[in-house]
Amino acid sequence: MFKIKKCLICNEEVESVFSWKDIWVSSDNEKICSDCRGKLAFLSGERCKMCSRELEEKYQQDGLCLDCVRWENDSEWRGFLSANISLFHYNDFLKETIAKFKYRGDYALAEAFASFVAEKIEHMSHDIIVPIPLSNERMAERGFNQAKALAETAGLKTYDALLRTHTEKQSKKSREERIRLAQVFKVTGPDTIKGKKILLIDDIYTTGSTLRHAAKILKQSGAEEIYSLTLAR
Amino acid sequence: MLQKFISMFSSPSASPARIASPKKSIPLNPAFEYSPELQQHLYGRLLLPEEIPFKVLDDHVENGYVSSTPGLTKDEGRYYCTRCGNKEPSMFYKFPCSRCGKSCAYCRACIMMGRVSECTILYSWCGPKFCFDIPANVLVWEGTLSEGQKAASERVTSAIHTNEELLFWAVCGAGKTEVLFKGIEAALLSGKRLCIATPRTDVVLELAPRLKKAFPLIEVSALYGGSEDRHRPAPLTVSTTHQLFRFKEAFDAIIIDEVDAFPYSMDTSLQFAVNKAKKETSATILLTATPSKKMKIAYANRKLQAVTIPARFHRHPIPIPTMHWCGNWKKQLENKNIPPIIAEWVETRLKSKTPILLFFPSIKVMEQALPLFQQLNRGLLAVHSQDAKRKEKVTSLREGRIPGLLTTTILERGVTIPKLDVAVIGSEHGVFSESALVQIAGRVGRSAKHPTGTVTFFHYGKSNDMVQAIRHIQGMNEEARNRGLLDV
Ligand SMILES: [Zn+2]
Ligand SMILES: [Zn+2]
Ligand SMILES: [Zn+2]
Ligand SMILES: [Zn+2]
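The sections below set out a description of the structure shown in this document.

Quick notes on the rules
- Residues numbered from 1 in each chain as written.
- Chains lettered and ligands numbered in written order.
- Predicted model: local features only at pLDDT ≥ 70, side-chain atom pairs only at ≥ 80, totals over all residues.
- Heavy atoms only, no water.
- Helix = DSSP H or I, 4+ residues; strand = E, 2+ residues; numbered from the N terminus.
- Rg over C-alpha atoms; globule rule 2.2 N^0.38 Å.
- Buried < 20%, exposed > 50% of the residue type's maximum accessible area, 1.4 Å probe, protein only.
- Contact = heavy atoms within 4.5 Å.
- Areas by Shrake-Rupley, 256 points an atom, 1.4 Å probe, with all protein chains shown as cover.
- Pairing = 2+ DSSP bridges.
- Axes fitted to C-alpha atoms, helices over the stretch in contact; angles between N-to-C directions.
- Donors = N, O, S within 2.8 Å, 3.2 Å for Na, K, Ca; no water.
- Tetrahedral: all angles 85-135°; square planar, octahedral: opposite > 155°, others 65-115°.
- 1 Å grid on protein atoms, 1.4 Å probe; cavity = no way out; pocket = protein on both sides within 12 Å on 5 of 7 lines; lining within 4 Å.
- Points joined across faces, edges and corners; volume = space filled by probe spheres on them.
- Nonpolar A, V, L, I, M, F, W, Y, C, P; charged D, E, K, R; others polar.
- Domains from an automatic or database assignment.
- Phe/Tyr/Trp six-rings, centres within 6.5 Å; stacked < 30°, edge-to-face > 60°.
- Lys NZ or Arg CZ within 6 Å of the ring centre and 35° of its normal.
- Buried area = accessible area lost by both parts, 1.4 Å probe.
- Salt bridge = Lys/Arg side-chain N within 4 Å of Asp/Glu carboxyl O.
- Polar contact = N/O pair within 3.5 Å; in protein donor to acceptor, adjacent residues only side chain to side chain.

### Regarding the overall build of chain B
Point 1. For chain B, the helix and strand inventory stands at 13 helices and 19 strands.
Point 2. Taken over C-alpha atoms, the radius of gyration comes to 25 Å for chain B, in line with the 23 Å a tight globule of 488 residues would show.
Point 3. Here chain B holds 488 residues, and 54% of them are scored as buried.
Point 4. Contacts in chain B between residues far apart in sequence, at least 24 positions, make up 74% of those at least 6 positions apart.
Point 5. By element, 52% of the accessible surface of chain B is carried by carbon and sulfur atoms, the whole surface being about 22,600 Å².

Shown next as structure tokens:
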């Protein structure tokens, strides 16, 4: 009960606050210190119904951000992704933490977010959780899939319904180019997903193009409805 | 027979016996044609496979030119990282590894340099020695050394030559770098490979160009997190201590700058890094203005050889701090008052346009104080360790665009501002150790043009460290005077 724990993000010792609650519930969820917790910015206020972005008066239309308006006006993309939920602002602190997590390969950092992910998913109805996959090349490089790690550490079962057929090296391409790219994913087991509510999971929502590609092919292969959850937006 | 000293830089935890050796050593195949590029890349290094972009790596392993070592070993149930020496159980973590298909432990202590896990192999060169081309004249430096510098320079040179461990204890502003030049020159000419290691990237960035200028015909490699010359072998390397983790048996001499500037917890990992990076027979020069207690005791007991420069190059004594009682500074600041004696000190300097540094014990206290001091002068700013504009603010002070800075101990080292006066507010606070106070006092009177200045400790009850710091500086000045190194 008085074991000293270290914050998974900054390695400072986490002062374990003893309370009566601890007698009933293990205080195991203190994975990060209050300083680090304070640096995480929860998305709040009025947000885009579609992608979780915080909305500004000028840049919205009927509760959708202008990016989502553009996606939904495009008959090629309309209606595949029902909604995306993101947890935190992709601020400098989270940028640094995610970079360490996925590029340096510090898997332990997934656990720092586990309780947040688990709590959010509890309120999202779904049949199957599908992590956005990495290409074989990236997988060999990193040794783990960061999207899957986020679900695994939150104690959730995932199903690899997707396979990546193109590499991830798309960050330098424009939105248009990315959309024009031929199919990025392949569905592995169409029977398993048929008629199911799918929850996609990924680390970051940037343009939404990756998630929409995944949603489109899953739905075209018979899935009922597609939602997504990302750590950062 | 010479008795081998218990080195300051070899702890039991860092003994080479704990480093896992390759499973079986493969005899060198003399018929094998090795790649000189790979030799250059890997010589004296200990690298991850992803840091070695050579297809021929495996051939070299099979022919005995490259040795392989497991990245993690397990000893009595405890993991041990071969690269950084970490063996703290909380700094290892297991993950489902797609490379080995197992639940695979990895080291979190050195994760920023790429992951070392149970299935990771580290490589180093064990083929023919790589020789650097050293021209006959390496040092072009026209400056002259003071008497104190000259004596120290000779001692450093002989220590490198005879592979000693030497404490080089020089006051702030003694001109340490110039003292090293002769020693570096002699070492390079005798074919030795050297490294200057420092805990701070700032120092690497400042030192590398000075060394390149002094040794223009020699390749000088500058290593820090994110630096570009990461894989260029050089006879002279300036590196952050962190980057030393990528070396193994590389250097004939390591000069460690600011050897006392490490937080306590870093101590063992630094020792490990230094011991691994240097050759078995090699010299270690420990550079500092404020040696730790452990070092001073070892010096007093003659377990550690030392050379001192008690005087600044400009032959003026170091200003002695004065102590002033200022009452309960904490409470007064909380009540939005600057202790009057401190306000007066600041106002005098604002009037005479003397740049000032005000040291505070914590960010919190400093932030409370900032608006109060800004009522005296709106130009006063504050800096702390996480301040992205730290450098700009210091430059503004140096160039006279602002009258002064409030700071935490972050500016205790490395800052040189002409004509500066310094005050420590709450100098009895625990963060102001003897060495911190000596370093702070060392900011004053550094330039030959303005060799004097004042250092004031404002306190609410003297601490032992304050008294010790003053004694420390008095002692250095006295030694300097006795050795005839002062003009005044
Ligand atoms: Zn933390
Ligand atoms: Zn949106
Ligand atoms: Zn390590
Ligand atoms: Zn593994």
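### Quick look at the overall build of chain A
Point 1. Across its full length, chain A holds 10 helices and 10 strands.
Point 2. Looking at chain A residue by residue over its 233 residues, the buried ones come to 48%.
Point 3. Partitioning the contacts of chain A with sequence separation of at least 6, the portion at a separation of at least 24 is 72%.
Point 4. Total accessible area computed for chain A in this model is approximately 12,000 Å², and 49% of it derives from carbon and sulfur atoms.

### Quick notes on the sheet that holds strand β9 (residues 220-223) of chain B
Two modes of strand pairing occur in sheets, parallel and antiparallel, and in both the strands are linked by backbone hydrogen bonds.
Residue and element names in this part refer to chain B.
Point 1. Ordered by their spatial adjacency, 7 strands build an open sheet running β9-β10-β8-β11-β12-β7-β13, and the pairing between neighbours is parallel. Bordering the open sheet on either side are β9 and β13 (305-309), each of which pairs with just one other strand. This sheet shows a mean twist of 20° between the axes of neighbouring strands, independent of strand direction.
Point 2. Examined bridge by bridge, strand β8 (residues 194-198) and strand β10 (residues 236-240) share 5 bridges and lie parallel to one another.

### Here we look at the coordination of the zinc ion (ligand 3)
All names here are of chain B.
Point 1. Here the zinc ion (ligand 3) is held by Cys81 (SG), Cys84 (SG), Cys107 (SG) and Cys110 (SG), and the distances to it run 2.3 Å.
Point 2. Classification of the site at the zinc ion (ligand 3) rests on its 4 donor atoms, whose angles at the metal span 105 to 112°, yielding the label tetrahedral.
Point 3. Written as a sequence motif, the donor arrangement for the zinc ion (ligand 3) is C-x2-C-x22-C-x2-C. On the criterion of sequence distance, the pair formed by Cys81 in strand β3 (residues 78-81) and Cys110 in the loop between β5 (103-107) and β6 (121-125) is long-range, its members being 29 residues apart.
Point 4. On the basis of relative accessibility, which here comes to 0%, the residue Cys81 falls in the buried class.

### Overview of the sheet that holds strand β10 (residues 225-232) of chain A
Residues and elements named next belong to chain A.
Point 1. Reading across from one edge, β5-β10-β9-β6 is the order of the 4 strands in this open sheet, with parallel pairing throughout. Either end of the sheet is taken by a strand with one partner, and the two such strands are β5 (83-88) and β6 (128-131). Adjacent strand axes in the sheet meet at a mean angle of 25° when their direction is disregarded.
Point 2. Bridging between β5 and β10 involves 5 bridges; their strand directions are parallel. Bridging across to β10, Ile85 finds its partner in Leu229.
Point 3. On the sheet, helix α5 (residues 108-122) packs against β5, β6, β9 (197-204) and β10 and is oriented at approximately 150° with respect to β5.

### What about the side chain of His60(B)?
Residue and element names in this part refer to chain B.
Point 1. On the secondary structure map, His60 appears in helix α2 (residues 57-62).
Point 2. On the basis of relative accessible area, His60 is assigned to the buried category, the value being 1%.
Point 3. Excluding anything up to four places from it in sequence, His60 contacts Phe32, Tyr34, Ser35, Leu38, Tyr65, Val66 and Trp125.

### A few points about empty space enclosed by the protein
Residues and elements named next belong to chain B.
Point 1. Under the definition given, this model contains 3 cavities of 30 Å³ or more.
Point 2. Volume-wise, the largest cavity comes out at about 70 Å³.
Point 3. In terms of lining residues, the largest cavity is bounded by Val171, Cys172, Ala289, Arg312, Ile318, Val438, Gly442, His472, Ile473 and Met476.
Point 4. Per-element tally for the lining of the largest cavity: the top contributor is helix α13 (residues 464-482), with 3 residues.
Point 5. For the lining of the largest cavity, the residue count by class is 7 nonpolar, 2 polar and 1 charged.
Point 6. Split by domain, the lining of the largest cavity shows at least three residues from each of two domains, domain 2 (147-309) and domain 3 (322-482).

### Focus on the packing of aromatic side chains
Point 1. For the structure on display, the rule yields 27 aromatic pairs over all chains.
Point 2. Consider the rings of Tyr107(A) and Phe144(A), whose centres lie 5.0 Å apart with planes at 85°: the pair is edge-to-face. Taken as a pair, Tyr107(A) in the loop between α4 (92-102) and α5 and Phe144(A) in the loop between α6 (136-142) and α7 (146-153) lie far apart in primary sequence, 37 residues in all. Both residues of the pair, Tyr107(A) and Phe144(A), belong to the buried class.
Point 3. Through a chain of ring-to-ring contacts, the aromatic side chains of Phe101(A), Tyr107(A), Phe144(A), Tyr93(B), Phe95(B) and Tyr106(B) assemble into a single cluster.
Point 4. A cation over a ring is seen here: Lys216(A) above Trp77(A), with NZ or CZ 4.5 Å from the ring centre.
Point 5. One cation-aromatic arrangement involves Arg45(B) over Phe247(B); the distance from NZ or CZ to the ring centre is 4.3 Å.

### Points about the interface of chain B and chain A
Interface extent is often summarised as the accessible area lost during association of the parts.
Point 1. Opposite the 15 residues of chain B that make contact, chain A presents 18 residues.
Point 2. Between chain B and chain A, a total of about 1,400 Å² is buried, with carbon and sulfur atoms accounting for 48% of that surface.
Point 3. Contact with chain A buries area across many residues of chain B, yet Tyr93(B), Arg108(B) and Met112(B) alone supply 37% of it, more than any other trio.
Point 4. Counting across the interface, chain B meets chain A through 1 salt bridge.
Point 5. For the interface between chain B and chain A, the tally reads 12 residue pairs in polar contact (both at pLDDT 80 or more).

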